[in-house]
Amino acid sequence: MTTQKIVTPSAESLADSARAAQKGGLPPVHLWNPPHCGHIDMRIARDGTWFYMGTPIGRPELVRLFSTILRKDRDDYVLVTPVEKVGITVDDAPFVAVDFNARGDGLEFETNVGDRMVAGPDHPIRVVRDPETGEPSPYVLVRTNLEALIDRKSFYRLVELGEHANYEGVDWFGVKSEGMFFPIIPSAELD
């Protein structure tokens, strides 16, 4: 009779697997279906800081590496490699959009981990308002099921570019990118 050694995933083993899976782009995490190995003590704070065992991960290249193997399965965030999948905690969105620039008729966002995307059909912007305070939380889709919270300075800059338009039968204030209108707040609430 042989005994099978159970290995608990660690940040180091995940990083090693992620490095091995990289081939000049984002790994195909959507194709991987390894066994779920539990939860690892890793958390992404609302400001985009990644923590491991309660300590901020100070190496940007390591955070970037982990971000490439991040996936959202239903309501759960997981780091996934070809051989293991572990749950992590995400306080709000896994990324933060820290800047944007106008590119032609589009708005190109950059995240805290170096992803770039142009808001449009594949990368919509949405704004959620806190039901108690009315405070907006704006997001842009980075990749499948993974959003970036648009930071405050970038959101203020977006508002400066805003315009009024009729969207689905309601007058809204919002922004356009790649010919799409993204509503921010009903125009009537600005009066």
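Higher on the page you've got the structure.
These numbers come from a predicted model, not from an experiment.

Now for the overall build of the protein chain. When helices and strands are tallied, the protein chain shows three helices and 15 strands. Per-residue burial over the protein chain gives 45% buried out of 191 residues. A sequence separation of at least 24 residues applies to 53% of the contacts in the protein chain between residues at least 6 apart. For the protein chain, the computed accessible surface area is about 10900 Å², with 51% contributed by carbon and sulfur atoms.

Moving on, we get to the sheet that holds strand 14 (residues 170–177). Strand order in the open sheet formed by three strands is 13-14-15, and the pairing between neighbours is antiparallel. At either margin of the open sheet sits one strand with a lone partner, and together these are strand 13 (163–167) and strand 15 (180–186). On average, adjacent strands in this sheet sit at an angle of 55° to one another, irrespective of strand direction. When strand 14 meets strand 15, the two strands line up antiparallel, connected through six bridges.

Turning next to the nonpolar core. With 40 residues, the main nonpolar core has Trp50, Leu70, Leu79, Ile88 and Phe109 as its most contacted residues. Residue contributions to this core peak at four residues, all from helix 2 (residues 60–68).

Now for the pattern of salt bridges. In the structure shown here, the tally under the stated rule is 16 salt bridges. The partner of Glu61 in a salt bridge is Arg59, and the shortest N-O contact between them spans 3.0 Å. When its relative accessible area of 44% is taken as the criterion, Arg59 is described as partly exposed. Taking the shortest distance from any N to any O, the salt bridge between Arg126 and Glu147 comes out at 2.7 Å.

This part takes up the environment of Phe173. Examined against the element boundaries, Phe173 turns out to sit in strand 14. Taking the C-alpha atoms as reference points, Phe173 and Pro186, separated by 13 residues in sequence, lie 5.9 Å from one another. In contact with Phe173, not counting residues within four places along its chain, are Val159, Gly162, Glu163, His164, Phe181, Pro183, Ile184, Ile185, Ser187 and Leu190.

Before going further, it helps to examine the packing of aromatic side chains. Counted according to the given criterion, the structure contains three aromatic pairs. Measuring from centroid to centroid gives 5.4 Å for Phe100 and Phe109, while their planes differ by 35°, and the two rings are tilted. When its relative accessible area of 0% is taken as the criterion, Phe109 is described as buried. The interplanar angle of 45° and the centroid separation of 6.0 Å between the aromatic rings of Tyr167 and Phe181 together place this pair among those described as tilted. Taken together, the residues span a long stretch of sequence, with Tyr167 in strand 13 and Phe181 in strand 15 at a distance of 14 residues. The side chain of Arg43 reaches across the aromatic face of Phe51, ending 4.6 Å from its centre. The lysine or arginine in question, Arg157, covers the ring of Phe100, its NZ or CZ lying 4.2 Å from the ring centre.

Moving on to the sheet that holds strand 2 (residues 50–52). The sheet built from six strands is open, its strands ordered 3-2-1-6-5-4 with mixed pairing. Two strands close off the open sheet at either side, each with one partner strand: strand 3 (55–56) and strand 4 (70–73). The sheet contact formed by strand 1 (residues 36–44) and strand 6 (residues 85–90) spans four bridges and is parallel. Bridge pairing in strand 6 links Ile44 to Val90.

Calculation notes
- Residues numbered from 1 in each chain as written.
- Predicted model: local features only at pLDDT ≥ 70, side-chain atom pairs only at ≥ 80, totals over all residues.
- Heavy atoms only, no water.
- Helix = DSSP H or I, 4+ residues; strand = E, 2+ residues; numbered from the N terminus.
- Buried < 20%, exposed > 50% of the residue type's maximum accessible area, 1.4 Å probe, protein only.
- Contact = heavy atoms within 4.5 Å.
- Areas by Shrake-Rupley, 256 points an atom, 1.4 Å probe, with all protein chains shown as cover.
- Pairing = 2+ DSSP bridges.
- Axes fitted to C-alpha atoms, helices over the stretch in contact; angles between N-to-C directions.
- Core = buried A, V, L, I, M, F, W, Y, C linked by side-chain atoms within 4.5 Å.
- Salt bridge = Lys/Arg side-chain N within 4 Å of Asp/Glu carboxyl O.
- Phe/Tyr/Trp six-rings, centres within 6.5 Å; stacked < 30°, edge-to-face > 60°.
- Lys NZ or Arg CZ within 6 Å of the ring centre and 35° of its normal.

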